[in-house]
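# Fold and geometry: a report
Below are the chains, spelled out letter by letter.
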Amino acid sequence: MAILDVRNLKKIYTTRFGGNRVQALKNVSFTVDEGEYVAIMGESGSGKTTLLNALAALDKPTEGEIYLDGKSLTKLTEKEISSFRRENLGFVFQDFNLLDNFSVKDNIFLPLVLSGRSYAEMNLCVQPLAQKLGISDILEKFPYEISGGQKQRTAVARALITNPRLILADEPTGALDSAATDGLLKLFAKINGEGQTILMVTHSVKAASHAGRVLFIKDGEVYHQIYRGGGSNSDMYQKITDALTVISTGGGENE
Amino acid sequence: MNKLFYPKLAASNIKKNGKAYFPYIITAIITVAVFYIMRSLSLNPGIKDLTRGSEFIGEMMGFGCWIVGFFALIFLFYTNGFLMKRRRREFGLFNILGMEKRHISKVVALESIYILLISLLFGLGLGIALDKLMFLCIAKVVRADVVFGFFISPEAIINTLLLFAVIFLLVFLNSLRNIHLSKPIELLQSKSTGEREPRARLIIAILGILCLAGGYYISVTTKDIMTAITLFFVAVILVIIGTYLIFTAGSITLLKLLRKNKRYYYKTKHFLSVSGMIYRMKQNAVGLANICVLSTFVLVMLSSTTALMIGEDDALKSRFPYEVSFQASQEEALDSFSESFEKAVTNAGLTVTNKEFSKELSFAALERENYFEVTSEQRFEDYNRLNNLCFITIDEYNRLTGERKTLKENEILIFSDPDGYNYDTLGIFDREYSIKETVPKFSLVGSAIISSYTYRYIVLPSDEELNYICERQQEIYGDYANGLSYNFGIDFDGSDDEKLDVYNKAVEIAGNTGSSYSISSRTAGKESLFPMSASFFFLGIFLGTLFIMATILIIYYKQISEGYEDKERYEIMQKVGVSRREIKKSIHSQILTVFFLPLITAGIHTAFAFPIINRLLLMFELTNSTLSAVCTLICFAAFAVLYAIIYAVTARSYYKIVSR
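Just so it is clear, the structure is predicted and the values come from calculations on it, not from any experiment. (Residues numbered from 1 in each chain as written. Chains lettered and ligands numbered in written order. Predicted model: local features only at pLDDT ≥ 70, side-chain atom pairs only at ≥ 80, totals over all residues. Heavy atoms only, no water.)

## Some remarks on a negative patch on the surface
Short version of the rule: Patch membership requires over 30% relative accessible area and the absence of a salt bridge. Like charges are linked within 9 Å, and nonpolar side chains (Val, Leu, Ile, Met, Phe, Trp, Tyr) within 5 Å. For accessible areas, the Shrake-Rupley method is used with a probe of radius 1.4 Å. Any residue's cover is judged against the shown protein chains and nothing else. Any carboxyl oxygen of Asp or Glu within 4 Å of a side-chain nitrogen of Lys or Arg constitutes a salt bridge here. For the purpose of charge, His is not counted, nor are the chain termini; Lys and Arg are scored as positive and Asp and Glu as negative. For the purpose of locating charges, the reference atoms are NZ of Lys, CZ of Arg, CG of Asp and CD of Glu. Numbering of helices and strands runs from the N terminus, with a helix taken as a DSSP run of H or I at least four residues long and a strand as a DSSP run of E at least two residues long.
Among the surface-exposed residues, Asp145, Asp493, Asp497, Glu498 and Asp501 of chain B lie close enough to one another that they form a single negatively charged patch. In this structure, Asp145 of chain B sits in the loop between helix H6 (101-141) and helix H7 (154-181).

Written out as structure tokens, the structure reads:
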């Protein structure tokens, strides 16, 4: 069953006085099924971030519809958006986006506090999660005291604590070293294995190779997609590099 | 390269950073104007000719303008530091784009020169324009006739030019130091990633509270004026230290305690604001304490000088109860003086409206509970137990007040100022009187109250008692003893000049009485009192203006820098699912707390400063504490309104930055 359904998404940015029009998304349609692990790849300027912002309801598309669990995101009012985002979406960002003035634990609690849960309840939620993500020891620390990998795992914990329908990850490995990257990708595979739907935007082939399906975006359109189909990560890696080569070199000639 | 490249770049830099530079330039302009006005007033020969004693105003202004100069130095340094910090990235970029530090320095030098020129041009213009106005105001306040004409003081202009050139040079050197010490990479790097959370320092917080309490305690409990003068500065320093400690350590300790309370902390509203405040207080504690201290200065200065100004008529009346007072040691001298003087008044074409005689005895004694010790060996430590005792007989009292009281032997009436007398008996020499009644204030003819002392008016049952007290006192004080004094006070109408003319006659007449005497005139006294309070008042206004401006500027810069720092944090919160409304609410409550905290604290400081300020104002014969209370309240209200306006305006630029 499709958990996310994106139909004919279009986004045009205009400068304030309407002088310049930039088409960031031309016509994007795709669906994500429950339990899927999807990576979206594309070069800088291909519209990845615009797409993600639209999916996160941070930005309204010019045209088209986005349905999450059959509910239209574009029709949400400003008031509903925040709680909707909080309850249904979990975010993992490239630069972690942890708040400096909160301890690791409080950062993870943030969405729950906003939903008005009690401290006892929150504490109950965080313990198993911290165990799973290996951050039990650093819960009382502050973001400036921990490493990048730990920061990203904290961000993942924050995203997961609300049991969201969908995790949106924007270049989650972008600011991590290779060991931390491996750790995070394994973690993503693990939580995906437990049934969590993940949508990840990246241009790291390595990150994408862990996904079940990779969508390629070019010039504001879904250009190509490949499925894992039971292959190993390295098979997937190979497929992705091949696809990228075609897209960036041959793609133009074939058109 | 184009010769005009650097000048153009410097100009466009100022324009580009207009948001930050505009208030800076305005401040510089106003500071220049205020300095020029004060300097020029101090050099203006017209001031001296206003009225007798008005040269004091000039001296006061001359003294004040250097305070302004010093203040300008500190203040421009502070703001420039802020501007330079904001522009680090910009300099880093220039550096990476191939400008050497030498070139950057050149640009900064040109910028400084532009700002200096603009400030001097507009500041002097404004100063010269307002100078005359201020002169007229002063003339009005000291009630002198005004001579028209324009006065421009070249010396004041040169002083201003030199002073501000030097200040800007120092500020520029500081900027240079900043530029040279920094590495391009540092310049480019975004502001501190991951700021350390401040530590709660309970001991320092407690120390702050103690300092504050000490300052308050001094103010509230100090009764006597000599101690008040010495302890005033101790109290001020204690309160300043206390303010800084409480703002820095106290606030964070309190917030951390709140955070420890899990049930309080983990509520949506508190969660965002408490954590936000911890962060904010770390950055802003010192700035806020600055604002608080400055605001307190403004409030205290404005309220006391206004009270002084408004209360000067009262002060004059209490210092000089009669238009002309005459005091002689022999009764005959009094009679002959009063007779010839009344004649002189009538001859001058003026009418006598009121006159009074009395026989009084006054001397000083040390208060020891209900016994008054008279000793010729007074030590300084005893100062605050020193009382002025004024004795009159019951007959005199009844005549002066129109009462019909009687006293038995050994009974007395007493009036006591400023503190009441709390015993049933009063002992002096070998006498022990019982107090029949504490009477309300009545005026004696001879002994005008000098408010800074404790006064006891004692009404004795008979002339014999009065003489006895007088003799005993003379035995002890010897050459320094006072005798019985015969006093005459008279009021008459007429203009100031007429009154002074008559007063000059009075001095002549008094000289011919052949007795030792003293004589005083209210009109003559006015001319020494008014210029003094006028100069305090104007000093208060000038410095008050500057301090208010400083406060505005600090608030404004705080808002801007806060805005840029908060922007990022609020973006993150939005992504995690905090609604715009919640963010706005949280911002609002935090900003409100942060900016109104200093105002409220300043209000509390001022309230606690009130008692000691009141004591100090007694030195200027300002006895009307209701008046000073009203002045303080009005000043606070006006300041609060102004503060709220500043807040509203600057908060708008803050929201613009955050929500962009």
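After that view, the rundown keeps rolling.
## Structural notes on the interface of chain A and chain B
Formally: Any two residues whose heavy atoms approach within 4.5 Å are treated as being in contact. Note on definitions: buried area is the accessible-area loss of two parts on being combined, 1.4 Å probe, summed for both. Polar contact is the term for a pair of N or O atoms within 3.5 Å; when the atoms are in protein, one must be able to donate a hydrogen and the other to accept it, and sequence-neighboring residues count only if both atoms are side-chain atoms. Here the term charged refers only to Asp, Glu, Lys and Arg, the term nonpolar to Ala, Val, Leu, Ile, Met, Phe, Trp, Tyr, Cys and Pro, and the term polar to all other amino acids, Gly among them.
Contacts between the two partners involve 27 residues from chain A and, on the opposite side, 26 residues from chain B. The junction of chain A with chain B conceals about 2,500 Å² of combined surface from both sides, 64% of it contributed by carbon and sulfur atoms. On the chain A side of the interface with chain B, the three residues burying the most area are Asn101, Leu114 and Tyr144 of chain A, jointly 24% of the side's total. Here chain A and chain B share zero salt bridges between them. Where chain A packs against chain B, one counts two residue pairs in polar contact (both at pLDDT 80 or more). Contributions of two or more residues to the side of chain A that touches chain B are made by helix H2 (78-88), helix H3 (104-114) and helix H4 (119-133) of chain A. Tallying contributions element by element places H3 of chain A first for the side of chain A that touches chain B, with seven residues. Classifying every residue of the side of chain A that touches chain B by side-chain character gives 15 nonpolar, four polar and eight charged.

## Here we look at the pattern of salt bridges
Residues and elements named next belong to chain A. The following threshold applies: Exposure classes here rest on a 1.4 Å probe applied to the protein chains alone. A residue is buried below 20% of its type maximum, exposed above 50%, and partly exposed in between.
As enumerated under the stated definition, the model contains 19 salt bridges over all chains in all. A salt bridge links Glu36 to Arg213, with the nearest nitrogen and oxygen atoms 2.8 Å apart. Here Glu36, found in the loop between strand E2 (21-33) and strand E3 (37-41), pairs with Arg213, found in strand E9 (residues 213-218); they are 177 residues apart in sequence, far enough to count as distant. No difference in accessibility class separates Glu36 from Arg213, as the two residues are buried. A salt bridge links Lys75 to Glu65; its shortest N-O distance comes to 3.3 Å. In this pair, Lys75 is assigned in the loop between strand E5 (71-72) and H2 and Glu65 in strand E4 (residues 63-68), connecting sequence segments ten residues apart.

## Points about unusual backbone geometry
A positive phi angle, close to 65 degrees, is found at Phe96 of chain A, a residue other than glycine. Relative to the assigned elements, Phe96 of chain A resides in the loop between strand E6 (89-92) and H3. The class for Phe96 of chain A is buried, based on a relative accessible area of 10%. Its identity as a non-glycine residue notwithstanding, Asn410 of chain B has a phi of 75 degrees, on the positive side. Residue classification places Asn410 of chain B among the partly exposed residues on the basis of a relative accessible area of 39%.

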